[in-house]
Amino acid sequence: MYYQNITTDGTHTIMNKDGGTQGRFQPRRITIANKDDSSKNIITLRINDGSNQYCYFETVLPARVTLEYDIKYFDSSVYSLELITNDSGGTTDISVITYGDPITLTDQYGIL
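Let us look at the structure shown here. (Residues numbered from 1 in each chain as written. Predicted model: local features only at pLDDT ≥ 70, side-chain atom pairs only at ≥ 80, totals over all residues. Heavy atoms only, no water.)

### Digging into the sheet that holds strand β3 (residues 25–34)
Spatially, four strands are ordered β1-β8-β3-β6 in an open sheet, and the strand pairing comes out antiparallel. Two strands close off the open sheet at either side, each with one partner strand: β1 (2–6) and β6 (65–70). The average angle at which neighbouring strand axes cross in this sheet is 20 degrees, direction not considered. Where β1 lies against strand β8 (residues 94–102), five bridges are found, and the strand directions are antiparallel. Bridge pairing in β8 places Y2 opposite T98. (Pairing = 2+ DSSP bridges. Helix = DSSP H or I, 4+ residues; strand = E, 2+ residues; numbered from the N terminus. Axes fitted to C-alpha atoms, helices over the stretch in contact; angles between N-to-C directions.)

### Digging into the nonpolar core
Where a protein is soluble and globular, its nonpolar side chains tend to be buried together. Counting 18 residues, the largest nonpolar core has I30, I32, L81 and L83 as the members making the most contacts within it. Sorting the residues of this core by element identifies β2 (10–15), β3, β4 (41–48), β5 (53–61), β7 (80–86) and β8 as the ones contributing at least two each. Not counting the four nearest positions on each side in its chain, I30 is found in contact with I14, L45, L67, E68, Y69, I71, L81, V96, I97 and T98. (Core = buried A, V, L, I, M, F, W, Y, C linked by side-chain atoms within 4.5 Å. Buried < 20%, exposed > 50% of the residue type's maximum accessible area, 1.4 Å probe, protein only. Contact = heavy atoms within 4.5 Å.)

Structure representation (structure tokens):
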């Protein structure tokens, strides 16, 4: 499980491809909470291979609302997981919790 707090608009890397500093990790679920009392936030969850981006969803997250999204599978050695935030002139105060499993050497090479 990894926790991040986001307080600025823009593109935020939730997990680097190949795991980055988090080690090899396969996300399974993500919880995104708008902690602000009054500002909505437009959020986009996507994966990015460095050349192409693929969107899971884009939605308006109202103030004091939490969203959970199950991630069935993506190749975390190829794609980064990113969250884009846009508060449309309000305040960004987003908590992100990513749940998942460590990736073993056999998982990495498709021997599940």
